[in-house]
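Fold and geometry: a report
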Amino acid sequence: MNDDLRSLLPSAMVLGVAAAIALFLTLARDWAHDSKQIIRGAVHLAVITTLFQAAHFTEELVTGFHEQFPALLGLPPMPIRVFVVFNFAWLMIWSLSAWGLAARRRAALFPLWFLGIASAVNGVAHPLFSVLAGGYFPGLVTSPVAGLLGVLLLRRLALLTRGGSSPGYT
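A few words on the overall build of the protein chain. Helix and strand content of the protein chain: 6 helices and 2 strands. The helix and strand sequence of the protein chain, counted from the amino end, reads α-β-α-α-α-α-α-β. Relative to the globule expectation of 15 Å for 170 residues, the C-alpha radius of gyration of the protein chain, 17 Å, shows essentially globular dimensions. Counting only C-alpha atoms and orienting by the principal axes, one finds that the protein chain spans roughly 50 × 30 × 25 Å. Sequence separation of 24 or more characterises 79% of the internal contacts of the protein chain that already satisfy a separation of 6 or more. Here the protein chain displays about 8800 Å² of accessible surface, and carbon together with sulfur accounts for 72% of that area.

Let us now look at the nonpolar core. Residues Phe 65 and Leu 101 are the most contacted members of the largest nonpolar core, which totals 32 residues. Put simply, the parts of the chain that give this core at least two residues each are helix H1 (3-28), helix H2 (36-63), helix H3 (65-72), helix H4 (80-102), helix H5 (109-133) and helix H6 (143-160). It is H5 that contributes the most residues to this core, 8 residues altogether. The contacts of Phe 65, once residues within four sequence positions are left out, are Glu 60, Pro 70, Met 78, Phe 83, His 126, Phe 129, Phe 137 and Pro 138.

Tallied over the full model, the rule gives 1 salt bridge. Notably, a salt bridge pairs Arg 106 with Asp 30, separated by 2.4 Å at the nearest N-O pair. You can see Arg 106 sitting in the loop between H4 and H5 and its partner Asp 30 sitting in strand S1 (residues 29-31), a full 76 residues away along the chain.

So, on to the packing of aromatic side chains. The relative placement of two aromatic rings is captured by the distance of their centres and the angle of their planes. Throughout the structure, instances matching the rule amount to 10 aromatic pairs. Here Phe 57 and Phe 83 contribute two aromatic rings whose centre-to-centre distance is 5.6 Å and whose plane-to-plane angle is 50°, an arrangement assigned as tilted. Taken together, the residues span a long stretch of sequence, with Phe 57 in helix H2 and Phe 83 in helix H4 at a distance of 26 residues. Accessibility assignment for this pair places Phe 57 and Phe 83 in one class, buried. Among the aromatic side chains, those forming a connected cluster through ring pairs are Phe 57, Phe 65, Phe 69, Phe 83, Phe 129 and Phe 137.

Looking now at the environment of Val 82. Structurally, the position occupied by Val 82 is in helix H4. Between the C-alpha atoms of Val 82 and His 66, which are 16 residues apart in sequence, the distance is 9.4 Å.

Attention now moves to the side chain of Ser 119. With respect to the helices and strands, the residue Ser 119 is situated in helix H5. One polar contact links Ser 119 to Gln 53, side chain to side chain, over a distance of 3.1 Å. Apart from the residues lying within four places of it in its own chain, the contact partners of Ser 119 are Thr 49, Gln 53, Ala 146, Gly 147 and Gly 150.

The computed volume of the largest pocket comes to approximately 660 Å³. Lining the largest pocket are 30 residues, with Ser 11, Leu 15, Phe 65, Phe 86 and Asn 122 positioned closest to its centre. Ranked by the residues each element gives to the lining of the largest pocket, the list is headed by H1, at 9 residues. Taken together, the residues of the lining of the largest pocket break down into 23 nonpolar, 6 polar and 1 charged.

Here the focus is the confidence of the model for the protein chain. Of the residues in the protein chain, 94% reach a pLDDT of 70 or more, and the chain-wide mean stands at 91. Counting interchain partners and residues more than four positions distant, the pLDDT-below-50 stretch residues 166-170 has 15 contacts.

With 25 residues, H5 extends 35 Å between its outermost C-alpha atoms, agreeing within 8% with the 36 Å of an ideal straight helix rising 1.5 Å per residue. Maximal helix bending in H5 amounts to about 30°, located at Asn 122. Positive backbone phi, approximately 75°, marks Gly 134, located one or two places after H5.

Rules used in this analysis
- Residues numbered from 1 in each chain as written.
- Predicted model: local features only at pLDDT ≥ 70, side-chain atom pairs only at ≥ 80, totals over all residues.
- Heavy atoms only, no water.
- Helix = DSSP H or I, 4+ residues; strand = E, 2+ residues; numbered from the N terminus.
- Rg over C-alpha atoms; globule rule 2.2 N^0.38 Å.
- Contact = heavy atoms within 4.5 Å.
- Areas by Shrake-Rupley, 256 points an atom, 1.4 Å probe, with all protein chains shown as cover.
- Core = buried A, V, L, I, M, F, W, Y, C linked by side-chain atoms within 4.5 Å.
- Buried < 20%, exposed > 50% of the residue type's maximum accessible area, 1.4 Å probe, protein only.
- Salt bridge = Lys/Arg side-chain N within 4 Å of Asp/Glu carboxyl O.
- Phe/Tyr/Trp six-rings, centres within 6.5 Å; stacked < 30°, edge-to-face > 60°.
- Polar contact = N/O pair within 3.5 Å; in protein donor to acceptor, adjacent residues only side chain to side chain.
- 1 Å grid on protein atoms, 1.4 Å probe; cavity = no way out; pocket = protein on both sides within 12 Å on 5 of 7 lines; lining within 4 Å.
- Points joined across faces, edges and corners; volume = space filled by probe spheres on them.
- Nonpolar A, V, L, I, M, F, W, Y, C, P; charged D, E, K, R; others polar.
- pLDDT = per-residue confidence, 0-100.
- Expected span 1.5 Å × (residues − 1).
- Bend = angle between axes of the 7 residues up to and from the residue.

Below, the structure written as structure tokens:
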């Protein structure tokens with residue numbers, strides 16, 4: 001297998017599980033609230049979480065996460081171009097999804113569930129990576145706040161949705 005592909009596998013597996021959970025939640029849960037105040041609060045939290053995820057990505061980029069994470073697992077570095085494009089694309093998707101949430105678009109939920117899950121995982125994973133590395137690990141400084149924002153976003157999305165089906169949701 002190509003070294004570039006091997007270096008991406010651990011991230012792809014974790015993010016794939018997060019995406020599968022996000023897809024399940026999107027399909028299994030429907031709109032529960034019409035309250036403009038609750039929706040506005042969720043949109044604001046999604047924007048704040050996205051902005052903070054941008055700060056987290058910046059810390060990872062500047063401190064070499066794309067090199068150190070694969071090295072922790074005995075793999076070659078991730079291609080920096082893939083790392084940057086992937087993260088930038090998700091930042092754009094999450095930004096558009098906040099707008100979609102304001103417009104009550106069901107499709108906006110998938111990326112936002114994914115944002116909440118990924119942020120919460122970052123809050124746990126980076127401190128663990130630091131323990132394994134025996135010191136600072138790229139992303140550690142911003143990960144606790146990212147994790148907290150992820151949990152808050154997941155709670156807000158759960159409040160906005162419920163299991164089962166309901167009309168009025170596009």
